[in-house]
Amino acid sequence: MLLSFDVFGTLINVRESSYDAFRTILSECGRPDVDVRAFWEYWEERNISHYWETYRPYKEICALSLGEAFAHFDVAGDPGAISRYFDAFSDFQLYPDVLSTLENLSRRHRLAIVSNIDNDLLAATPLQREFDLVCTAEKARGYKPDGTLFRYLLKHAGVPLNQILHSGQSQFTDMVGGKPLGLTIAWINRRNIQLAPSVPKPDFIFSDIASLIPLIEGMA
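Remember, predicted model here, so these are calculated numbers, not experimental data.

Engineer: I'd like to hear about the overall build of the chain, residue by residue, with values.
Structural biologist: A tally of regular secondary structure across the chain gives 10 helices and 6 strands. The C-alpha atoms of the chain give a radius of gyration of 17 Å, which matches the 17 Å a tight globule of 220 residues would have. Each principal axis of the C-alpha atoms in the chain carries an extent, and together these give about 55 × 35 × 35 Å. Every one of the 220 residues in the chain was classed for burial, and the buried ones make up 52%. The contacts in the chain between residues at least 6 apart in sequence include a share of 59% that link residues at least 24 apart. Counting every atom, the chain has about 9800 Å² of accessible surface; 49% of that belongs to carbon and sulfur. Between the centroid of the 21 positive side chains of the chain and the centroid of its 28 negative side chains there is a distance of 6 Å.

Here is the structure:
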């Protein structure tokens, strides 16, 4: 079986890891009063919207979305300040359950990552292990929501569709992009949020990836 994983939000605690970078951005714009969490979520929503468009690199999307977030929150800022976020990648933190879970699963299964990211930013991310297959938006020339990145996964998986289990945290990218292609998906709902009515239901829901171990052992 091939076990594929979303990276940011599933393996990497991207919100907590990047809030300081966005606090710096807002402070440098003279707006430390803006709620960084609300700002971050709006910025991420804009990223997801742009994933549906003609392919452009993730870094370009992030800068575009930052400009839109500035406008939405009435912040006077330069979208080039997104470099603060990119500089933070090397200090991003894994969730505590990640390394032990992946080590356990790798003993019997191949592991893949599927990420809406540029290759250089993924390389800067301290994942602390190798993967058998790496699928990025840059390689696929497209993102998850419209299925482009998942079709890249399927093309390179080396196993049939029914031998792939994808685990991800984003209902609007992982489920929306993967379920219409027939992928089996475990929603890693670490934040305990509600599934939107418009989103295809996942096959499994867990609060962490350690919960995958008994599921996959039961499939063997």
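Engineer: Just give me the short version of the environment of P126, but keep the residues and values in it.
Structural biologist: Residue placement: P126 occurs in the loop between α6 (119-124) and β3 (133-136). In sequence terms P126 and Q93 are 33 residues apart; their C-alpha atoms lie 7.5 Å from each other. Apart from residues no more than four positions distant in its own chain, P126 is found in contact with F89, S90, F92 and L94.

Engineer: A description of the nonpolar core should follow, citing residues and the corresponding values.
Structural biologist: With 58 residues, the main nonpolar core has L11, F22, W43, Y58 and Y85 as its most contacted residues. Among the elements that line this core, the one with the most residues is helix α3 (residues 58-72), at 7 residues. Setting aside residues no more than four positions away along its own chain, L11 makes contact with F5, D6, Q93, L94, Y95, V98, L102, I113, L127, F131 and I209. Core analysis: the next-biggest nonpolar cluster, separate from the first, contains 19 residues, L149, F150, L183 and W187 among them.

Engineer: Outline the environment of F204, listing residues and values.
Structural biologist: As for its placement among the helices and strands, F204 is situated in strand β6 (residues 204-206). For F204, a relative accessible area of 24% puts it in the partly exposed group. Once the C-alpha coordinates of F204 and T184 are considered, the two residues, 20 residues apart in sequence, prove to be 8.5 Å apart. If sequence neighbours within four positions are ignored, F204 has contacts with L165, T184, I185, A186, W187, L215 and M219.

Engineer: Any details on the packing of aromatic side chains? Residues and values, ideally.
Structural biologist: All told, the structure shown has 18 aromatic pairs when counted by the stated rule. Aromatic pair F8 and F92: ring centres 6.3 Å apart, planes at 75 degrees, arrangement edge-to-face. Of this pair, F8 sits in the loop between β1 (2-5) and α1 (14-28) while F92 sits in the loop between α4 (83-87) and α5 (98-106); the two residues are 84 residues apart in sequence, bridging distant segments of the chain. Both residues of the pair, F8 and F92, count as buried. Seen from their ring centres, F204 and F206 are 6.3 Å apart, and the 10 degrees between their planes marks the pair as stacked. With relative accessibility at 17%, the residue F206 sits in the buried group. Across from the ring centre of F131, 5.8 Å away, lies the NZ or CZ of R129, which sits over that ring. If you follow R190 out to its NZ or CZ, it ends over the ring of Y95, 3.9 Å from the centre.

Engineer: Could you give an account of the packing of helix α2 (residues 36-51) against α3, with specific residues and numbers?
Structural biologist: Where α2 contacts α3, the axes come no closer than 8 Å and their chain directions differ by 130 degrees. The angle between α2 and α3 falls in the class oblique. Judged by the sense of rotation from one axis to the other, the crossing of α2 with α3 is right-handed. Here α2 contributes F39, Y42, W43, R46, N47, H50 and Y51 to the contact with α3, which in turn contributes Y58, I61, C62, L64, S65, L66, E68, A69, F70 and H72.

Engineer: Lay out the packing of α1 against α2 with the relevant residues and their values.
Structural biologist: Two numbers describe how α1 lies on α2: the axes approach to 10 Å, and their chain directions differ by 105 degrees. Between α1 and α2, the angle falls in the class roughly perpendicular. Contact residues: V14, R15, E16, S18, Y19, F22, R23 and L26 in α1; V36, R37, F39, W40, E41 and W43 in α2.

Engineer: Requested: an account of the pairing of β1, with residues and values cited.
Structural biologist: With burial as the criterion, each face of β1 is covered, one bearing L2 and S4 and the other bearing L3 and F5. Bridge count between β1 and strand β2 (residues 110-115): 4 bridges; the pairing is parallel. When the bridges of β2 are listed, L2 appears paired with R110. Across 4 bridges, β1 lies against strand β4 (residues 164-168) in parallel orientation.

Procedures and definitions
Residues numbered from 1 in each chain as written. Predicted model: local features only at pLDDT ≥ 70, side-chain atom pairs only at ≥ 80, totals over all residues. Heavy atoms only, no water. Helix = DSSP H or I, 4+ residues; strand = E, 2+ residues; numbered from the N terminus. Rg over C-alpha atoms; globule rule 2.2 N^0.38 Å. Buried < 20%, exposed > 50% of the residue type's maximum accessible area, 1.4 Å probe, protein only. Contact = heavy atoms within 4.5 Å. Areas by Shrake-Rupley, 256 points an atom, 1.4 Å probe, with all protein chains shown as cover. Lys, Arg positive; Asp, Glu negative; His and termini not counted. Charge placed at Lys NZ, Arg CZ, Asp CG, Glu CD. Core = buried A, V, L, I, M, F, W, Y, C linked by side-chain atoms within 4.5 Å. Phe/Tyr/Trp six-rings, centres within 6.5 Å; stacked < 30°, edge-to-face > 60°. Lys NZ or Arg CZ within 6 Å of the ring centre and 35° of its normal. Axes fitted to C-alpha atoms, helices over the stretch in contact; angles between N-to-C directions. Parallel < 35°, antiparallel > 145°, perpendicular 65-115°, else oblique. Left-handed = near helix turned anticlockwise from the far one by under 90°. Pairing = 2+ DSSP bridges.

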